[in-house]
Amino acid sequence: MELLQLLYFKEVAEYGKISTAAERLFISAPSLSATIKRLEKELGTPLFERTGNAIALNEQGKIFLRYTNQALSAIEAGKAELKNYSDAERHHVRIAATTSNLWVGLLSAFSLEYPHITISNTSLKLKQLPEDGIFPQYNFLLAENSDLPTARYKNVVLIEKDRPVLVVPQGHPLAEKSEVDLRDIKNENFLLPVADMSLHRMSSVLLSGAGISKANNLSECSYMVRRQMILEHRGVAFSTEYTSRSEDQSMRYIPIVYPQIPQQHRIYWDPGRVLTEDEQTFLDFAKEYFTSGLS
């Protein structure tokens with residue numbers, strides 16, 4: 001059994017279509033299909049139920065996926081531990097975030113204060129967060145309180161209450177409002193981030209709380225497309241009070257009074273690791289940044 005087979009199996013299990021998975025893996029669909037069939041033959045059991053173009057895990061496949069995830073996680077842990085040896089020689093902190101725009105000010109301020117410590121910052125979708133174990137390739141995760149599916153991590157609250165805001169362009173009829181009730185603007189075209197982003201989930205909860213369903217004008221798009229559509233007066237979007245401080249100031253950010261869904265943001269790290277001096281420096285700086293008014 002080869003590592004590549006496990007990677008291919010995981011990708012097909014996630015996307016449920018050979019063609020889609022093949023496109024993601026940059027290989028041909030027939031080649032991917034043949035790899036999966038070889039794996040099933042080696043295991044002596046089918047792993048998928050096939051219906052037309054769709055492919056879904058059967059019970060054996062679900063069992064094998066669990067062990068595949070464990071094996072791949074163990075390999076990532078090994079790679080991360082080897083990388084830690086290298087990183088220890090050059091001051092470096094590896095950070096992941098589910099709400100990347102929120103942390104621009106923090107990361108920029110830290111780099112100015114500690115120019116000898118470099119930072120790598122990776123944006124994660126919710127489905128990329130671990131269901132168990134740790135996230136070994138990162139020193140810290142910056143995330144909204146409800147993003148993680150487990151409480152097995154050490155963590156500190158950095159932002160106690162971050163209010164959702166409505167994002168509109170300058171000159172929009174709503175731009176002069178000091179606050180907004182979403183129930184009063186149900187006919188607006190709402191621009192949501194792509195699915196599986198932390199902000200997408202918050203946006204969906206806001207719309208649901210205001211009684212705005214999928215039957216209304218809802219569009220999903222990337223951050224850059226969303227920004228352009230807002231500037232062209234083709235829709236409005238959601239952000240949060242803290243995030244808006246680092247976003248485009250050609251926009252207006254209006255506090256939402258209904259529904260109220262305060263966000264709490266934390267920094268997480270692996271309880272099994274002793275923080276390096278650089279990591280402790282970053283953690284201390286992050287706590288100070290949000291309590292001293294620097295943000």
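Calculation criteria
- Sequence order as written defines the numbering, with residues in each chain counted from 1.
- This being a predicted model, a pLDDT of at least 70 is required before a residue's local features are given, and a value of 80 or more before pairs of side-chain atoms are given or counted; all residues contribute to the totals for chains, interfaces and linings.
- Water and hydrogen atoms were dropped before computing side-chain values, which therefore reflect all heavy atoms in the structure.
- Where helices and strands are cited, they refer to DSSP runs of H or I of at least four residues and of E of at least two residues respectively, numbered from the N terminus.
- Expected helix span is computed as 1.5 Å times (number of residues minus one).
- Working definition: with a 1.4 Å probe on protein chains only, accessible area under 20% of the residue-type maximum means buried, over 50% means exposed, and in between means partly exposed.
- Here a polar contact means two N or O atoms within 3.5 Å. Within protein one must be a hydrogen donor candidate and the other an acceptor candidate, and residues neighboring in sequence count only if both atoms are side-chain atoms.
- By definition, two strands form a pair when at least two bridges between them are found by DSSP.
- By nonpolar core we mean a set of buried residues, namely Ala, Val, Leu, Ile, Met, Phe, Trp, Tyr and Cys, connected to one another through side-chain atoms within 4.5 Å.
- Should any heavy atoms of two residues lie within 4.5 Å, those residues are considered in contact.
- Points on a 1 Å grid over protein atoms alone make up a cavity when a 1.4 Å probe fits among them but cannot get out, and a pocket when they form an open set with protein on both sides within 12 Å along at least five of seven lines; lining residues each have an atom within 4 Å of a point.
- Grid points are joined across faces, edges and corners, and a volume is the space filled by probe spheres set on the points.
- We call Asp, Glu, Lys and Arg charged. Ala, Val, Leu, Ile, Met, Phe, Trp, Tyr, Cys and Pro are nonpolar, and the rest, Gly among them, are polar.

Participant: Is there a simple way to think about helix α6 (residues 198-209) in this case?
Facilitator: Residues lying three or four places apart along an α-helix face the same way, a consequence of the helix completing one turn every 3.6 residues. For α6, spanning 12 residues, the distance from its first C-alpha to its last is 17 Å, which sits close to the expected 16 Å at 1.5 Å a residue. Burial in α6 covers these residues: Ser198, His200, Met202, Ser203, Leu206 and Leu207. Immediately beyond the C-terminal end of α6, within one or two residues, lies Gly211, with a positive phi of roughly 75°.

Participant: Can you walk me through the side chain of Thr99 in this structure?
Facilitator: For Thr99, the position within the fold is in the loop between β3 (92-97) and α5 (104-113). Given the relative accessible area of 16%, Thr99 is considered buried. Polar contacts involving the side chain of Thr99 include one to the side chain of Trp103, which spans 3.2 Å.

Participant: Mind showing me how you'd approach the pairing of strand β5 (residues 140-144) here?
Facilitator: Along a regular strand, successive side chains alternate from one face of the sheet to the other. Of all 5 residues in β5, 5 are buried; the element is thus mostly enclosed. A two-sided burial pattern is seen for β5, the buried positions comprising Phe140, Leu142 and Glu144 on one face and Leu141 and Ala143 on the other. Bridge analysis of β5 against strand β13 (residues 263-269) gives 4 bridges, and the strand direction is antiparallel. Across the sheet, Leu142 pairs through a bridge with Ile267, a residue of β13.

Participant: Is there a simple way to explain the nonpolar core in this structure?
Facilitator: In globular proteins that are soluble, nonpolar side chains generally tend to be buried together. Of all hydrophobic cores here, the largest spans 23 residues; its most connected members are Trp103, Leu106, Phe140, Leu158, Ile267, Phe282 and Phe290. Counting residues per element, the ones that place at least two in this core are β3, α5, β5, β6 (154-162), β13 and α9 (277-291). Ranked by residues supplied to this core, first place goes to α9 with 6 residues. Apart from residues lying up to four places away in sequence, Leu158 is in contact with Trp103, Leu142, His265, Arg266, Ile267, Ala286, Lys287 and Phe290.

Participant: Would you mind showing me how to read the layout of surface pockets here?
Facilitator: Over the atoms a probe the size of a water molecule is rolled, and this reveals where empty space is left. There is about 420 Å³ of room inside the second largest pocket. In this structure, the second largest pocket is lined by 23 residues; those nearest its centre are Asn101, Pro193, Met197, Leu199 and Tyr223. Mapped by element, the contributors of at least two residues to the lining of the second largest pocket are α6, α7 (223-231), β11 (236-240) and β13. The leading source of residues in the lining of the second largest pocket is α6, at 3 residues. Here the lining of the second largest pocket is composed, by residue class, of 8 nonpolar, 12 polar and 3 charged.

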